[in-house]
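Here is how the chains run, residue by residue.
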Amino acid sequence: GFDSEGDTVFGQVAFSLSCISDESDIVITQAYFAIESESLSGVSQPMRFTAEIAELDDLDYCSVKHREKIEYLGYEVSSQELGKTPRQIFMFDSSARQHLESFHRDKKTVNLIIRATSASRQKDALVNWQAIDSEQRPQLVIEYIERRKQALEAPQELQASLENGLVKLTWTNPEHA
């Protein structure tokens, strides 16, 4: 939300992808980020919240404020919706899933930033998200398949011959498991 000066207060959650197969060629078929709000305080005017993937070297305010924005997730959620349904799910679209695949390939941590937006920057308007140690801690859910993304080498020694009025093709397959 916004602090006592009306400056944006960012939320940040980091996920390691180390529990996903070590196989480098995976295709993420579905992914979502689920988080639950614990309380809303001082929110008198409508606010909206976005979740985004960000590249971060440091977790200080300046780094987060001036981060490289990679991809927004799903949709925005309103403070009114949080009052009705505390648990929110932010779906990864195909572009965001490709970013997850590259984070996995490069063995990087996924940093998600939650940020409030509002037409008027209310002061002392905050949403407290569930803590990591609560039963409803934030979750990154990923479904994937292991699949080769690059074509194998082309077959070698292609030969064509006529046998009994039919064309017979032979070749040598490339070495691959």
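Note that residues are indexed from 1 along each chain, following the sequence as it is written. With the structure being a predicted model, the display of local features is reserved for residues of pLDDT at least 70 and the display and counting of side-chain atom pairs for 80 or more, all residues being used for whole-chain, interface and lining totals. For side-chain calculations, the full set of non-hydrogen atoms in the structure is used, while hydrogens and water are omitted.

Participant: Before we go on, may I ask you to explain the overall build of the protein chain in this structure?
Facilitator: Secondary structure assignment for the protein chain yields three helices and 11 strands. Along its sequence from the N terminus, the protein chain presents helices and strands in the succession β-β-β-α-β-β-α-β-α-β-β-β-β-β. Counting only C-alpha atoms, the protein chain reaches 85 × 35 × 30 Å along its principal axes. Relative accessibility under 20% of the residue-type maximum defines a buried residue, over 50% an exposed one, and the middle range a partly exposed one, all with a 1.4 Å probe and only protein chains included. Considering the protein chain as a whole, with its 177 residues, one finds that 34% of them fall into the buried category. Across the protein chain, contacts joining residues at least 24 apart in sequence account for 77% of those joining residues at least 6 apart. Only four residue types enter the tally: Lys and Arg on the positive side, Asp and Glu on the negative side; His and the chain ends are excluded. Charge coordinates come from a single atom per side chain, which is NZ of Lys, CZ of Arg, CG of Asp or CD of Glu. The average position of the 18 basic charges and that of the 29 acidic charges among the side chains of the protein chain differ by 5 Å. By the criteria applied, helices consist of DSSP H or I runs no shorter than four residues and strands consist of E runs no shorter than two, each listed in order from the N terminus. Residue contacts are defined here by distance: any two heavy atoms, one from each residue, within 4.5 Å place the two residues in contact.

Participant: Which parts of the structure should I look at to understand the nonpolar core?
Facilitator: As a rule of thumb, nonpolar side chains are buried together in soluble globular proteins. Residues Phe33, Phe49, Ile53, Leu73, Phe92, Leu112 and Ile142 are the most contacted members of the largest nonpolar core, which totals 32 residues. Mapped by element, the contributors of at least two residues to this core are β1 (11-15), β2 (26-41), β3 (48-55), α3 (94-105), β7 (110-117), β8 (126-129) and β9 (139-146). For this core, the leading source of residues is β2, giving five residues. Nonpolar cores are built from buried Ala, Val, Leu, Ile, Met, Phe, Trp, Tyr and Cys residues. Side-chain atoms within 4.5 Å join them into one set.

Participant: For this particular structure, what's the right way to read a nonpolar patch on the surface?
Facilitator: Among the surface-exposed residues, Leu158, Leu162, Val167, Leu169 and Trp171 lie close enough to one another that they form a single nonpolar patch of about 600 Å² accessible area. If you list the elements that add at least two residues to the nonpolar patch, you get β10 (156-163) and β11 (166-172). Here the nonpolar patch gets three residues from one element, more than from any other, and that element is β11. Positionally, Val167 belongs in strand β11. Judged by its relative accessible area of 61%, Val167 is exposed. Note that patches include only residues with greater than 30% relative accessible area and no salt bridge, and the join distances are 9 Å for like charges and 5 Å for nonpolar side chains (Val, Leu, Ile, Met, Phe, Trp, Tyr). All accessible areas in this document rest on Shrake-Rupley with a 1.4 Å probe, and a residue is counted as covered only by the protein chains that are shown. Any Lys or Arg side-chain nitrogen located within 4 Å of an Asp or Glu carboxyl oxygen qualifies as a salt bridge.

Participant: I would appreciate a short explanation of the pattern of salt bridges in the present structure.
Facilitator: Between side chains of opposite charge, a pair can form when the charged atoms approach closely. All told, the structure shown has five salt bridges when counted by the stated rule. Among the ionic pairs, Glu52 bridges to Arg67, the shortest N-O distance being 2.6 Å. Within this pair, whereas Glu52 is found in strand β3, its partner Arg67 is found in the loop between α1 (61-65) and β4 (68-72), the two being separated by 15 residues in sequence. The residues Glu52 and Arg67 share a single accessibility class, namely buried.

Participant: How should the confidence of the model for the protein chain be read in this particular structure?
Facilitator: The predicted coordinates of low-pLDDT regions are not to be read in fine detail. pLDDT expresses how confident the predictor is about each individual residue, on a scale running from 0 to 100. When pLDDT is averaged along the protein chain, the result is 85, and 97% of the positions lie at 70 or above. Within the protein chain, the element-level pLDDT minimum falls on β4, averaging 78, and the maximum on β11, averaging 95.

Participant: Looking at this structure, I do not really get the pairing of β11. What am I missing?
Facilitator: A regular strand places its side chains so that they alternate between the two faces of the sheet. The criterion for strand pairing is that DSSP finds at least two bridges linking the strands in question. Pairing of β10 with β11, which is carried by six bridges, proceeds in the antiparallel orientation. Bridging from a neighbouring strand, Glu163 pairs with Leu166 of β11. Remark: two residues form the turn of the hairpin made by β10 and β11, two consecutive strands paired antiparallel; Asn164 in that turn has positive phi of roughly 55°.

Participant: So what exactly am I meant to see when it comes to the side chain of Gln122 here?
Facilitator: Residue position: Gln122 is located in the loop between β7 and β8. Not counting the four nearest positions on each side in its chain, Gln122 is found in contact with Phe2, Asp3, Gly6, Gly42, Val43, Ser44, Gln45, Pro46 and Met47.

Participant: Explanation requested: the environment of Ser94 in the structure shown.
Facilitator: Its place among the elements puts Ser94 in helix α3. By relative accessible area, which is 47% here, Ser94 ends up partly exposed. Sequence-wise, Ser94 and Gln30 are 64 residues apart; in three dimensions their C-alpha atoms are separated by 8.5 Å.

Participant: Whenever I open this one, the packing of aromatic side chains confuses me. Can you help?
Facilitator: A ring pair, where both rings are aromatic, is described by two values, the distance of the centres and the angle of the planes. Here a pair means two rings of Phe, Tyr or Trp (six-membered ring of Trp) with centres within 6.5 Å. Their orientation is stacked below 30 degrees between planes, edge-to-face above 60, and tilted elsewhere. Considering all chains together, one arrives at three aromatic pairs under this definition. Pairing Phe15 with Phe33 gives two aromatic rings, centres 6.1 Å apart and planes at 75°, and the pair type is edge-to-face. Placement of Phe15 in strand β1 and of Phe33 in strand β2 is noted, with a sequence separation of 18 residues between them. For the residue pair Phe15 and Phe33, the accessibility class agrees, reading buried in each case. Grouped by ring-pair contacts, the aromatic residues Phe15, Phe33 and Phe90 constitute a single cluster. Two thresholds decide whether a charge sits over a ring: the Lys NZ or Arg CZ must be within 6 Å of the ring centre and within 35 degrees of the ring normal. Geometry around Phe103 places Lys108 over its ring, the cationic atom sitting 6.0 Å from the centre.

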